[in-house]
Amino acid sequence: MSDEPRSQKRTEPSTSIATLLEALPYIRQFHGRTIVIKYGGAAMRDEELREAFALDVVLLKYVGLNPVIVHGGGPEITEYMERLGMEVKFVEGLRVSDEQTVEVAKMVLLGKINSDILTRINRHGQAAVGLGGEDGGLFQVRPVPQSTELGFVGEIERVNVDVIEHIAEDYVPVIASVGTDREGRSYNINADDAAGKVAAALRAHKAIFLTDVDGWLSDPDDAGSRISQASVEEVERALPQVAGGMRPKLLACAEAIASGVEAAHIIDGRRAHSLLLELFTDAGIGTKVTA
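Within any chain, residue numbers begin from 1 and follow the written order of that chain's sequence. Given that this is a predicted model, residues contribute local features only at a pLDDT of at least 70 and side-chain atom pairs are listed and counted only at 80 or more, while totals for whole chains, interfaces and linings are drawn from all residues. The side-chain numbers reported here are obtained from all heavy atoms of the structure, hydrogens and water having been left aside.

## Looking at the overall build of the protein
Okay, so step 1: Elements are defined by DSSP. Helices are runs of H or I of four residues or more, strands are runs of E of two residues or more, and each kind is numbered from the N terminus. What the protein contains, in helices and strands, is eleven helices and 14 strands.
Okay, so step 2: Our radius of gyration is a C-alpha quantity, and the globule rule it is checked against amounts to 2.2 Å times the number of residues to the power 0.38. For 291 residues, the compact-globule estimate of 2.2 N^0.38 gives 19 Å, and the protein sits close to it at 19 Å.
Okay, so step 3: Dimensions of the protein, computed from the C-alpha atoms along their principal axes, are close to 65 × 40 × 35 Å.
Okay, so step 4: Throughout, exposure labels follow a simple rule: accessible area from a 1.4 Å probe, protein chains only, divided by the maximum for the residue type, with under 20% read as buried, over 50% as exposed, and the rest as partly exposed. Taking all 291 residues of the protein together, the buried fraction comes to 52%.
Okay, so step 5: We call two residues contacting when some pair of their heavy atoms lies within 4.5 Å. If you take every contact in the protein between residues at least 6 apart in sequence, the share linking residues at least 24 apart comes to 73%.
Okay, so step 6: Only the protein chains shown count as covering a residue, and every accessible area follows the Shrake-Rupley method with a 1.4 Å probe. Within the structure as shown, the protein displays about 14100 Å² of accessible surface, and the carbon and sulfur contribution to it stands at 49%.
Okay, so step 7: Across the protein, the centroid of the 30 positively charged side chains sits 2 Å from that of the 44 negatively charged ones. When charges are tallied, Lys and Arg are placed among the positive residues and Asp and Glu among the negative ones, while His and the ends of the chain are skipped. Every charge is mapped onto a representative atom, which is NZ of Lys, CZ of Arg, CG of Asp or CD of Glu.

## Digging into the sheet that holds strand 6 (residues 139-143)
Okay, so step 1: Spatially, 6-7-10-9 is the arrangement adopted by the four strands of the open sheet, whose pairing is mixed. Each edge of the open sheet is held by one strand with a lone partner, namely strand 6 and strand 9 (178-180). Taking the axes of each pair of neighbouring strands and ignoring which way they run, one obtains an average angle of 55 degrees across the sheet.
Okay, so step 2: When strand 9 meets strand 10 (residues 186-189), the two strands line up antiparallel, connected through three bridges. Across the sheet, the residue bridging to Thr180 is Ser186, located in strand 10. Being paired, for any two strands, means DSSP has found at least two bridges between them. Every axis corresponds to a line fitted to the C-alpha atoms, with the helix fit spanning only the stretch in contact, and the corresponding angles, defined between N-to-C directions, vary from 0 to 180 degrees.

## Some words on the sheet that holds strand 13 (residues 263-268)
Okay, so step 1: With mixed pairing, eight strands are arranged side by side in an open sheet as 5-8-2-1-11-13-14-12. Taken across any chain shown, the strands that pair with only one partner, and hence form the sheet edges, are strand 5 (128-131) and strand 12 (229-231). Ignoring strand direction, the axes of neighbouring strands in this sheet form an average angle of 20 degrees.
Okay, so step 2: In terms of strand pairing, strand 2 (residues 66-71) meets strand 8 (residues 172-176) through three bridges, oriented parallel. Opposite Ile69, over in strand 8, you have Val174 as the bridge partner.

## Some thoughts on empty space enclosed by the protein
Okay, so step 1: Using only the protein atoms, space was sampled on a 1 Å grid; points where a 1.4 Å probe fits but cannot get out form cavities, open sets with protein on both sides within 12 Å along at least five of seven lines form pockets, and lining residues are those with an atom within 4 Å of a point. Grid points are joined across faces, edges and corners, and a volume is the space filled by probe spheres set on the points. Counted by the stated rule, this structure contains two cavities of 30 Å³ or more.
Okay, so step 2: Of the voids in this model, the largest cavity is the one considered here, and its volume is about 70 Å³.
Okay, so step 3: Taken together, Ala43, Leu49, Ala52, Phe53, Asp56, Leu210, Gly269, Arg271, Ala272, His273, Ser274 and Leu275 form the lining of the largest cavity.
Okay, so step 4: Put simply, the parts of the chain that give the lining of the largest cavity at least two residues each are helix 3 (47-62) and helix 11 (274-280).
Okay, so step 5: For the second largest cavity, the calculated volume is near 40 Å³.
Okay, so step 6: Contributing to the lining of the second largest cavity are Tyr39, Arg50, Phe53, Ala54, Asp116, Ile117, Arg120 and Ile121.
Okay, so step 7: Tallying contributions element by element places helix 5 (residues 99-123) first for the lining of the second largest cavity, with four residues.
Okay, so step 8: A breakdown of the residues in the lining of the second largest cavity according to their chemical character gives five nonpolar, no polar and three charged. All residues other than Ala, Val, Leu, Ile, Met, Phe, Trp, Tyr, Cys, Pro, Asp, Glu, Lys and Arg, Gly among them, are scored as polar; the first ten of these are nonpolar and the last four charged.

## Some words on helix 4 (residues 74-83)
Okay, so step 1: Of all the positions in helix 4, only Glu76, Ile77, Thr78 and Met81 are classed as buried.
Okay, so step 2: Positive phi appears at Gly85, one or two residues downstream of helix 4, with a value of about 75 degrees.

## A closer look at the side chain of His205
Okay, so step 1: Mapped onto the elements, His205 comes out in the loop between helix 8 (191-202) and strand 11 (206-211).
Okay, so step 2: If we ignore the near neighbours within four places in the chain, the residues touching His205 are Gln29, Phe30, Arg33, Thr34, Ile35, Val261, Glu262 and Ala263.

## Section: the packing of aromatic side chains
Okay, so step 1: For Phe, Tyr and Trp, rings pair up if their centres lie within 6.5 Å, where Trp contributes its six-membered ring, and each pair is then called stacked (planes under 30 degrees apart), edge-to-face (over 60) or tilted (otherwise). Taken as a whole and assessed by the stated rule, the structure comprises four aromatic pairs.
Okay, so step 2: Pairing Tyr26 with Phe30 gives two aromatic rings, centres 6.3 Å apart and planes at 35 degrees, and the pair type is tilted. Of this pair, Tyr26 and Phe30 both sit in helix 1 (residues 13-30), four residues apart, which is roughly one turn of the helix. Here Tyr26 and Phe30 have matching classes, each one buried.
Okay, so step 3: Between Phe152 and Tyr187, the ring centres sit 5.7 Å apart and the planes meet at 50 degrees, which makes this aromatic pair tilted.

## Observations concerning the pairing of strand 1 (residues 34-39)
For a regular strand, the rule is simple: side chains alternate between the two faces of the sheet.
Okay, so step 1: Where burial is concerned, most of strand 1 is hidden: five out of the six residues are buried.
Okay, so step 2: Taken together, the four bridges between strand 1 and strand 11 define a ladder with parallel strand orientation. Within strand 11, the residue paired with Ile37 across the bridge is Ile208.

## Some remarks on the layout of surface pockets
Okay, so step 1: Its volume calculated, the largest pocket comes out at about 870 Å³.
Okay, so step 2: Looking at the largest pocket, it is lined by 41 residues, and the ones nearest its centre are Gly93, Asp192, Gly245, Met246 and Lys249.
Okay, so step 3: Elements with a contribution of two residues or more to the lining of the largest pocket: strand 1, helix 4, strand 4 (94-95), strand 10, helix 8, strand 11 and helix 10 (246-258).
Okay, so step 4: Here the lining of the largest pocket gets four residues from one element, more than from any other, and that element is helix 4.
Okay, so step 5: A per-class count over the lining of the largest pocket returns 20 nonpolar, 15 polar and six charged.

Right, dumping it as structure tokens:
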């Protein structure tokens, strides 16, 4: 027996064993599968939640899943824009972006947030590699149809899956939602849309979107109105009435499912280890979208 002191934590052994046994069939089911995770919201801003997310990702890799992270950084981009006296404006959940806004977005996403995610994952024992849309021609981007109103906001035409798959063999890819078009012009890309496109291109098993609410709420003002499960058809019927940041998430879920992703989940990133709760427990949390 080790001479190291035992933990004083009072978790009942039976509870811990039950939790492990509950997770086992899910680990077996997801082993070797690709899971695309859109990382953002409170999970990115709170120190304890950032650490919990990094631990979750490392655990997923250790038990045989292939996590691919796609991240935004909207609140931090807004914060830096406000410091610089720049106007912050959104239309249907998308940031209106001139050339200066795109430069700030690239600085924050690639120079600050991506680096922080890599540092945390690496520190917990799993090597991670950061990518932007330009790296290896990862994203081929074009202006969104509303470009007259939104400016330099892009949508992804094509994802170079070879780049991601090559890295994901040994590392965790961490992808920032920026990219360039064929002429080399830079664009801000909505991170939900980017995650949906990446999941679709990879034919991922699941796409998971971390947000700041319990899931998709039928009444945005009522936290108790969470929709626990919905079909793509139900999502598409509801979309005309959905506004704000939930709209691009639901659009991304529908696109991912239409491209062969088995399920998409919108979960509350304000809860520590929400990723593991959704994947490895019977109850699950958030909203699950399926075909």
